[in-house]
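Architecture and fold: a report
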Amino acid sequence: MQDNNITLSEIQDFKGRYPKQLWALFFRNVGTFLLLRNAGMLTYFMVTQLFMKDVDANLQYGATQAFVYAFTFIGGLFADKILGFRKSLFWGGILMIVGSGILSYDPHQFFFLGISFTVVGTGFFKPNISTMVGKLYKANDARRDAGFSVFYAGINIGALLGGYACITIGKQYSWHLAFGLAAIVMTISLITFLFTQKNWVLSDFPRKRRRCSR
């Protein structure tokens with residue numbers, strides 16, 4: 001493995017208000033939260049296309065979110081003990097892309113299968129990207145709150161733009177295309193993250209390696 005990554009100290013000694021690595025995570029966040037964090041899109045689809053009652057669609061979305069938070073525990077354990085943060089983000093992104101691809105292929109027949117892939121992928125993605133944002137800053141760095149504000153803005157932007165774009169495309173053109181758009185945006189955000197990964201050294205700190213290095 002090439003040793004061309006910058007060190008954690010160099011990352012944390014950034015000048016200005018935001019580290020440059022934060023923007024890669026920001027755009028990764030925008031692309032990722034187009035789908036599962038979008039209650040409007042999923043419940044609208046379940047009501048109008050799967051012909052669920054409003055209350056059933058809302059309960060189904062709530063159950064989906066509950067499984068997301070359950071899998072974040074598993075994803076965090078895998079990142080800490082086995083994969084490391086960067087690999088967990090990568091495989092989480094792959095699973096979410098696969099899930100969106102399944103939904104794009106046949107959203108009516110394979111809706112719950114596609115959502116299942118996306119739920120598991122989000123479980124690997126969600127806890128680890130937040131950890132990576134925190135590690136960009138030294139302890140007690142006053143700029144950390146500003147960094148997390150930008151980071152969470154990416155979630156809201158992704159949900160807002162994704163909901164509007166996907167519902168509009170689904171209603172006027174095709175739901176295959178709507179879910180395919182989510183897969184395309186996620187793929188672009190994952191590729192962007194991979195091309196900027198040389199700027200990361202902090203993402204592979206599973207607990208077992210730390211013990212071995214002592």
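Data block above holds the structure.
These notes cover the structure that comes with them. (Residues numbered from 1 in each chain as written. Predicted model: local features only at pLDDT ≥ 70, side-chain atom pairs only at ≥ 80, totals over all residues. Heavy atoms only, no water.)

The subject of this paragraph is the overall build of the chain. Within the chain one finds 9 helices and 0 strands. Ordered by position in the sequence, the α and β elements of the chain form the string α-α-α-α-α-α-α-α-α. Summarising the internal contacts of the chain: among those between residues at least 6 apart in sequence, 79% fall at separations of at least 24. Split by element, the accessible area of the chain, about 11000 Å² in all, is 63% carbon and sulfur. (Helix = DSSP H or I, 4+ residues; strand = E, 2+ residues; numbered from the N terminus. Contact = heavy atoms within 4.5 Å. Areas by Shrake-Rupley, 256 points an atom, 1.4 Å probe, with all protein chains shown as cover.)

Judged by nonpolar contacts, the single largest core of 22 residues is most densely connected at Leu22 and Leu25. Broken down by secondary-structure element, the contributors of at least two residues to this core are α2 (21-32), α5 (85-105), α6 (111-135), α7 (144-172) and α8 (175-195). With 17 residues, the next largest nonpolar core counts Met41, Met46, Ile167 and Ala178 among its residues. (Core = buried A, V, L, I, M, F, W, Y, C linked by side-chain atoms within 4.5 Å. Buried < 20%, exposed > 50% of the residue type's maximum accessible area, 1.4 Å probe, protein only.)

Our focus in this paragraph is unusual backbone geometry. Phi is positive for Phe51, close to 60°, though the residue is something other than glycine. Looking at where Phe51 falls in the secondary structure, it is placed in the loop between α3 (39-48) and α4 (54-83). Positive phi is not limited to glycine here, since Asn140 has a value of about 70°.

Structurally, the α-helix is built with 3.6 residues per turn, so residues lying three or four positions apart point the same way. Between its terminal C-alpha atoms α6 stretches 36 Å, which fits the 36 Å expected from 25 residues at 1.5 Å a residue. Residue Thr122 marks the point of greatest curvature in α6, where the axis turns by about 30°. (Expected span 1.5 Å × (residues − 1). Bend = angle between axes of the 7 residues up to and from the residue.)

Moving on: the packing of α4 against α5. At a minimum axis separation of 8 Å, α4 and α5 run at an interaxial angle of 130°. With respect to their mutual orientation, α4 and α5 come out oblique. Two packed elements cross with a definite hand, and for α4 against α5 that hand is right-handed. Within the contact between the two elements, α4 uses Gly75, Phe78, Ala79 and Leu83 and α5 uses Phe85, Lys87 and Ser88. Grouping the amino acids of the contact of α4 with α5 by side-chain chemistry returns 4 nonpolar, 2 polar and 1 charged. (Axes fitted to C-alpha atoms, helices over the stretch in contact; angles between N-to-C directions. Parallel < 35°, antiparallel > 145°, perpendicular 65-115°, else oblique. Left-handed = near helix turned anticlockwise from the far one by under 90°. Nonpolar A, V, L, I, M, F, W, Y, C, P; charged D, E, K, R; others polar.)

Our focus in this paragraph is the packing of α6 against α7. The interhelical angle for the contact between α6 and α7, taken along N-to-C directions, is 150°, at an axis separation of 10 Å. Looking at the two axes, α6 sits roughly antiparallel to α7. Regarding α6 and α7, the two cross each other, and that crossing is right-handed. Contact residues: Ile129, Ser130, Val133 and Gly134 in α6; Arg144, Phe148, Phe151 and Tyr152 in α7. Among the residues making up the contact of α6 with α7, the classes are represented as 5 nonpolar, 2 polar and 1 charged.

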